[in-house]
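# Observations on the three-dimensional arrangement
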Protein chains: 2
Amino acid sequence: MRAEEAILTRRSTRVYSDRPVEQEKLEQVLEAGRYAPSGGNNQTTHFIVIRNQEILAELARLVKQEFSKMEETPGMYKSLAGAIRRSKGEVYVFHYNAPVLILTANRIEYGNNIADCACCLENMMIEANALDLGTCWINQLKWLNENEVITQYLRTIGLTEEERVYGALSVGYAKNGLPDRKALPRTGNPVSWVD
Amino acid sequence: MRAEEAILTRRSTRVYSDRPVEQEKLEQVLEAGRYAPSGGNNQTTHFIVIRNQEILAELARLVKQEFSKMEETPGMYKSLAGAIRRSKGEVYVFHYNAPVLILTANRIEYGNNIADCACCLENMMIEANALDLGTCWINQLKWLNENEVITQYLRTIGLTEEERVYGALSVGYAKNGLPDRKALPRTGNPVSWVD
């Protein structure tokens, strides 16, 4: 798929089929992520690729549990407030039951940690779209990246003491296939020309 | 160009030719940036596209001036320390004299501001590479995004009171053309498999 098409047709996928993601495709997605630029060519983004469904289920349970202890506050970022609200309901699965969840972690003390992880995630979204895989940016583990329960659990699957999670990506085949059209026109993201 | 090729051959360009960037190509790059995902589909990234060479020169002068007032500190992010050091020399042009500089600004109070801007920048880097344009992530205006002198100047070219700059991109034709090979293999950016 052409780069421009892969960029303009990328959309968030929130309903996944059970079809497993081929190893080769997943490796292509990860390679795209690893080739993102980094501040001073630092290359400290750590990709934690979770395919074990029991671990994903346990992580989802813990995320629900920890959000459900929190309360919405005035002026809170609306997506975070929504996560807290939904976590108090019966069912809340933060990763949309995707078969693969890729965490991007980086060093706490590194000034470009969020931006580097975001570039890696964006590359993976574009490459996945080119390979007919659906993705969705997952922010819950970033919002919980100082939470002790979540952090301790993530330490058991590879997160180091120096790292925090700054973003994640659900990956899998969309239940009803990907749309082949350009995403909805942007009404925001304005451009100012300084000529 | 295929998406994968555009991602894997993207490299930073730091020496630009004087050749102007065609309006159509620049609009394609900006469209790619505008189609990046945003937290809760917020779409508040503001692209400020500077092509006026007098304004770019004045901005470069102010950036040099403000960095030269700063001092390196122990443990400082090495790229920032390098900018401060170089700013005290005779010549320091933070945007590598690229013919176009695109600032990505976002709302100060918005929790996903850095990540959203990074996704927009990554999309623009990939699309530019596919169009044979060179780019380089420019972090200096992010490091100075609380500096009063820089902020006041940016207000005169479109930055609003609610916004700060969270990243920027130099864009232009590489003086010696773009390399047509994959970037150097990543030695960092490790992958942990959780199966």
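Presented here is an overview of the structure given in this document. (Residues numbered from 1 in each chain as written. Chains lettered and ligands numbered in written order. Predicted model: local features only at pLDDT ≥ 70, side-chain atom pairs only at ≥ 80, totals over all residues.)

### Structural notes on the sheet that holds strand β5 (residues 191–194) of chain A
Our working rule: Strands qualify as paired when DSSP identifies two bridges or more between them. Each helix corresponds to a stretch of at least 4 residues labelled H or I by DSSP, and each strand to a stretch of at least 2 residues labelled E; elements are numbered beginning at the N terminus. Simply put, an axis is a line fit to the C-alpha atoms, just over the touching stretch for a helix, and the angle between two N-to-C directions goes from 0 to 180 degrees.
Taken together, the 5 strands give an open sheet; going across it, the order is β5(A)-β1(B)-β2(B)-β4(B)-β3(B), and neighbouring strands pair in mixed fashion. Looking at which strands have only one partner, the edges of the open sheet turn out to be β5 of chain A together with β3 (134–138) of chain B. Each neighbouring strand pair of the sheet contributes to a mean axis angle of 20°, computed without reference to strand direction. Pairing between β5 of chain A and strand β1 (residues 46–50) of chain B: 4 bridges, direction parallel.

### Some thoughts on helix α2 (residues 23–34) of chain A
Note the cut-off: Multiplying 1.5 Å by the residue count of a helix minus one yields the expected span of that helix. Any residue with 12 or fewer other C-beta atoms within 10 Å of its own C-beta is exposed, any with 20 or more is buried, and the rest are partly exposed; the C-beta atoms used are placed from the backbone. Placing C-beta atoms from the backbone, we regard two residues as in contact once those atoms come within 7 Å.
With 12 residues, α2 of chain A ought to run about 16 Å at 1.5 Å a step, and its terminal C-alpha atoms sit 16 Å apart, in line with that. Among the residues of α2 of chain A, L26, Q28, V29, L30, E31, A32, G33 and R34 of chain A are the ones counted as buried. Structurally, α2 of chain A contributes buried residues whose contacts are with β1 (46–50), β2 (100–107), α5 (113–130) and β4 (163–172) of chain A together with α1 (3–8) and β5 (191–194) of chain B.

### A short note on the sheet that holds strand β3 (residues 134–138) of chain A
Reading across from one edge, β3(A)-β4(A)-β2(A)-β1(A)-β5(B) is the order of the 5 strands in this open sheet, with mixed pairing throughout. Pairing within the sheet leaves two strands with one partner each, and these edge strands are β3 of chain A together with β5 of chain B. Across the sheet, the mean angle separating the axes of adjacent strands is 20° when strand polarity is ignored. As defined by bridge partners, β3 of chain A adjoins β4 of chain A across 5 bridges and the pair is classed as antiparallel. Across the sheet, C136 of chain A pairs through a bridge with S170 of chain A, a residue of β4 of chain A.

### Description of the packing of helix α3 (residues 53–68) of chain B against helix α4 (residues 78–87) of chain B
Residues and elements named next belong to chain B. Stated formally: Any angle from 65 to 115 degrees is called roughly perpendicular, while one under 35 is roughly parallel, one over 145 is roughly antiparallel, and all others are oblique. Under the scheme applied, nonpolar residues are Ala, Val, Leu, Ile, Met, Phe, Trp, Tyr, Cys and Pro; charged residues are Asp, Glu, Lys and Arg; polar residues are all the others, including Gly.
Two elements in contact, α3 and α4, have axes separated by 8 Å at closest approach and are oriented at 100°. By the angle between their directions, the pair α3 and α4 is classed as roughly perpendicular. Contacts between α3 and α4 involve K64, F67 and S68 from the first element and A83, I84 and S87 from the second. Class assignment of the residues belonging to the contact of α3 with α4 gives a composition of 3 nonpolar, 2 polar and 1 charged.

### Points about the nonpolar core
Quick note on the threshold: The term nonpolar core refers to a set of buried Ala, Val, Leu, Ile, Met, Phe, Trp, Tyr and Cys residues connected through C-beta atoms within 7 Å.
Counting 116 residues, the largest nonpolar core has I102 of chain A together with I102 of chain B as the members making the most contacts within it. Discounting chain neighbours no more than four positions away, the residues touching I102 of chain A are F47, V49, M124, A168, L169 and V171 of chain A.

### Brief notes about the interface of chain B and chain A
Interface size is commonly expressed as the accessible surface area that is lost when the partners come together. Each side of the interface is counted separately: chain B has 57 residues, and chain A has 57 residues. Put simply, the parts of the chain that give the side of chain B that touches chain A at least two residues each are α1, α2 (23–34), β1, α4, α5 (113–130) and β5 of chain B. When residues in the side of chain B that touches chain A are grouped by element, the largest group, 9 residues, is from α5 of chain B. A breakdown of the residues in the side of chain B that touches chain A according to their chemical character gives 29 nonpolar, 19 polar and 9 charged.

### Quick notes on the relation of the copies chain B and chain A
Worth spelling out the cut-off: Here the copies are matched by least squares. The fit uses the C-alpha atoms of residues with pLDDT of at least 70 in both.
When chain B is fitted to chain A, the residual RMSD is 0.0 Å, and the transformation amounts to a turn of 180° plus an axial shift of 0.0 Å. Expressed as a symmetry operation, the mapping of one chain copy onto the other fits a two-fold axis.

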